[in-house]
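An overview of the molecular structure
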Amino acid sequence: MSFLRETDWSVFTLLHQHRAELSAVARKTLGNQDDPHVSIHCSEIPSHTGELFVLATQAELFGRFHTVPAPSLPLCLRRSFCSEVLRAIENVVEDVITSLSRKEAPVLFLNNRSDWDNIQFEDSVGLQMASNCTTRKIRSDCPKSAPKFALFLKMLSIIYKMVQTDVYATKRDIFYTDTQYFGNQRVVDNIIDDISCMLKIPRRSLHVLSTSKGCIAGNLSYVEEDGTKVNCTCGTMTAVPSNVEGMRNLSTDAEFILIVEKDATFQRLLDDNFCSKLFPCIIITGKGVPDLNTRLLVKKLWDSCHVPIFALMDADPHGIEIMCVYKYGSASMSFEAHHLTVPAIRWLGLLPSDFDRLNIPKSALIPLTKRDQSKLASLQMRPYISYHPTWKKELDILATSKMKAEIQALTSFSSDYLSRVYLPNKLQFGGWI
C-alpha cells in the first residue's frame, strides 16, 4: 500500500468503527453510570513521633513551599484521605520507634521497583508490581546506608507536614529546601517514588507535584484546579497542568487523540493546523520520555472520553519504548500502573514496515547504533511483545535491516506529507497496530 495521494476526510469508516467499539466497551464496563467521567481517586502528630521528625528536618523548611489549591474533591473525602496518608506515615515512624525501644537498629524495607523479576504483565492493565516482590533494606546502623535512612525520615517529615497543612510542592521545590543535604535532584526523585511505593499511596496524594514538560493542543477545554478556564486550540499549545487530578469540566468533540513523541513533530502539526482543519482531535506530546503529569493526562482523557488514542513515534527502539510507557507503563512505576497506563493505545506510526511500503529513500534512514541494538534486544524480551505478533514483526524488521528512521524522514516526500498524506491515510485505512 502506498500513501501518496491526498485523502477525503469525509470517509473515516475504520476510525469511526474503532471509536464506536471503544465507546460500547466503556458503556458496558461503566454500567451506564450518570457521570462516568468523575473518579475519586488531619490530625496532629503524636508527641513522640514529632520528636523523631524534628531530628530529621527543621520546621522552617515548610514555609518555603508554595500553597497550591487542593484537587476538587469534596472536603470530607479529602480530609479522610489525608488522614489515611498521615496514618501510613505514622505507622512507619512508630515501627522505627519500636525498634529503638528494643535497642534494635531501625530498618526500612523497600520494594525493588526496577527489578523485572518483580514485574508481572496483564494485557488489560500493563506492567504491575508482583505482590510477592523482593525487597531491599535501608539500615540505620550501616555506614553506607545510614545517610539514606536519614534522608527517608527527612522526606517523610516533609510530606507529613505538607499533607497536614494542605500544602503542595513540586519535587524541585523540595530539592531546593536543602540542596547541599540532598545532593542532586535525582536523589529526591528516587526517595519520593520509593516512599510512594512503600506506602502504596500515589505520589500526588502525598502532596508532591511534578513539574510538567508536556504540551497539549486541539479540541479540548477544561477548568484548572484554581478555577482558570483553558481552551486549547490547534494554533496554540498549552502546557500540561501540574495538577491533572484538579482538572474538571472537560469538554471535547475530538474524534481521536494523537500522542506525539517529539516536540518538533508536535510543532509541525500545529503549524499545519492538523487537529482542526481536517478532523477534530487532540494532540499531546511529552517531549520525549513522558513525565508523570503527561501520562496522567492521557489516562484522564481516556477515562473521560473513550475515543481512540494513537501513538506517533520515531521508528527506532527508543521511540517504541516511549510508546510502551504510555501504553503499558514502566518497571520503576509499576506500583502505580492502574493510575497511569492506557492499554487501548494503538501504534499508528512511524512503523518499520513503512520503510519499504512507502519506499522511504535510503538516504533518510539511519543505521542503528550499539545503544539502539541493545535497547532493541531489551524490548524484544519485554513480556508484552508476545501479546503483539504484529509488534514483533516490526521489531524484527529493525533487527534485520539494522536501520531506523525519524518521523522527519517523511519530509523527503514533501514538507507537509505527514499531515496531508501519511496521517489521513493511516487513519482512513486503519493503518494502526
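Calculation notes
Residues numbered from 1 in each chain as written. Predicted model: local features only at pLDDT ≥ 70, side-chain atom pairs only at ≥ 80, totals over all residues. Heavy atoms only, no water. 1 Å grid on protein atoms, 1.4 Å probe; cavity = no way out; pocket = protein on both sides within 12 Å on 5 of 7 lines; lining within 4 Å. Points joined across faces, edges and corners; volume = space filled by probe spheres on them. Helix = DSSP H or I, 4+ residues; strand = E, 2+ residues; numbered from the N terminus. Salt bridge = Lys/Arg side-chain N within 4 Å of Asp/Glu carboxyl O. Buried < 20%, exposed > 50% of the residue type's maximum accessible area, 1.4 Å probe, protein only. Pairing = 2+ DSSP bridges. Axes fitted to C-alpha atoms, helices over the stretch in contact; angles between N-to-C directions. Phe/Tyr/Trp six-rings, centres within 6.5 Å; stacked < 30°, edge-to-face > 60°. Lys NZ or Arg CZ within 6 Å of the ring centre and 35° of its normal. Contact = heavy atoms within 4.5 Å. pLDDT = per-residue confidence, 0-100.

**Description of empty space enclosed by the protein**
The volume enclosed by the largest cavity comes to roughly 70 Å³. In this structure, the largest cavity is lined by Arg203, Arg204, Val208, Leu209, Ser210, Ser242, Asn243, Val244, Glu245, Leu292, Asn293 and Leu296. When contributions to the lining of the largest cavity are tallied by element, the ones reaching two or more residues are strand S6 (208-209) and helix H10 (292-305). For the lining of the largest cavity, the leading source of residues is H10, giving 3 residues.

**Considering the pattern of salt bridges**
Enumeration over the complete set of coordinates arrives at 19 salt bridges. Notably, a salt bridge pairs Lys262 with Asp314, separated by 3.0 Å at the nearest N-O pair. Here Asp314 lies in the loop between strand S14 (309-312) and helix H11 (317-328) and Lys262 lies in the loop between strand S12 (256-260) and helix H8 (263-271), a separation of 52 residues in the sequence. A salt bridge links Lys392 to Asp396; its shortest N-O distance comes to 3.2 Å. Taken together, the positions of Lys392 and Asp396, both in helix H15 (residues 389-401) and 4 residues apart, correspond to about one turn of that helix. According to the relative accessible area criterion, Asp396 is partly exposed, its value standing at 28%.

**Let's talk about the sheet that holds strand S11 (residues 248-251)**
Within the open sheet, the 3 strands sit side by side as S9-S8-S11. Their pairing is antiparallel. The sheet is open, and its two borders are formed by strand S9 (229-232) and S11, each paired with just one other strand. On average, each strand axis in the sheet is inclined to that of its neighbour by 10°, with strand direction left out of account. Where strand S8 (residues 220-223) and S9 come together, 4 bridges link them in antiparallel fashion. Residue pairing across strands places Ser221 opposite Asn231, the latter belonging to S9.

**Here's the deal with unusual backbone geometry**
Going from Gly349 to Leu350, the amide bond is cis rather than trans, its omega being -10°. By secondary structure assignment, the location of Leu350 is in the loop between strand S15 (346-349) and helix H13 (354-357). Of note in this structure, Asn359 is not a glycine but carries a positive phi near 55°. With respect to the secondary-structure elements, Asn359 resides in the loop between H13 and strand S16 (366-367).

**So, the packing of aromatic side chains**
Here the structure, examined in full by the defined rule, presents 13 aromatic pairs. On the basis of an interplanar angle of 70° and a centroid distance of 6.0 Å, the ring pair of Tyr181 and Phe182 is categorised as edge-to-face. Given the relative accessible area of 3%, Phe182 is considered buried. Among the aromatic side chains, those forming a connected cluster through ring pairs are Phe121, Tyr328, Trp347, Tyr384, Tyr387 and Trp391. Sitting over the face of the ring of Phe182, Lys154 holds its NZ or CZ atom 5.3 Å from the ring centroid.

**A few points about the sheet that holds S12**
What the 6 strands build is an open sheet, ordered S10-S7-S13-S12-S14-S15; its pairing is mixed. What marks the edges here is a single partner per strand, and that holds for strand S10 (238-239) and S15. Of the pairings in the sheet, the one linking S12 to S14 comprises 4 bridges and is parallel in character. In the strand pairing of S14, Leu258 is matched with Phe310. Helix H16 (residues 417-428) contacts S12, S14 and S15 of the sheet and is inclined by roughly 145° relative to S15.

**Brief notes about the confidence of the model for the protein**
With 82% of its residues at a pLDDT of 70 or more, the protein shows a mean pLDDT of 83. Within the model, the stretch residues 1-12 combines pLDDT values under 50 with 31 contacts to residues more than four positions away or in other chains. Per-residue pLDDT stays below 50 along residues 32-73; that stretch engages in 86 contacts with residues further than four places along the chain or on separate chains.

**A short note on the layout of surface pockets**
The volume enclosed by the largest pocket comes to roughly 920 Å³. Lining the largest pocket we find 35 residues, and of these Val289, Pro290, Ser330, Ser332 and Met333 sit closest to its centre. Where the lining of the largest pocket is concerned, the elements lending two or more residues are helix H7 (185-199), H10 and H11.

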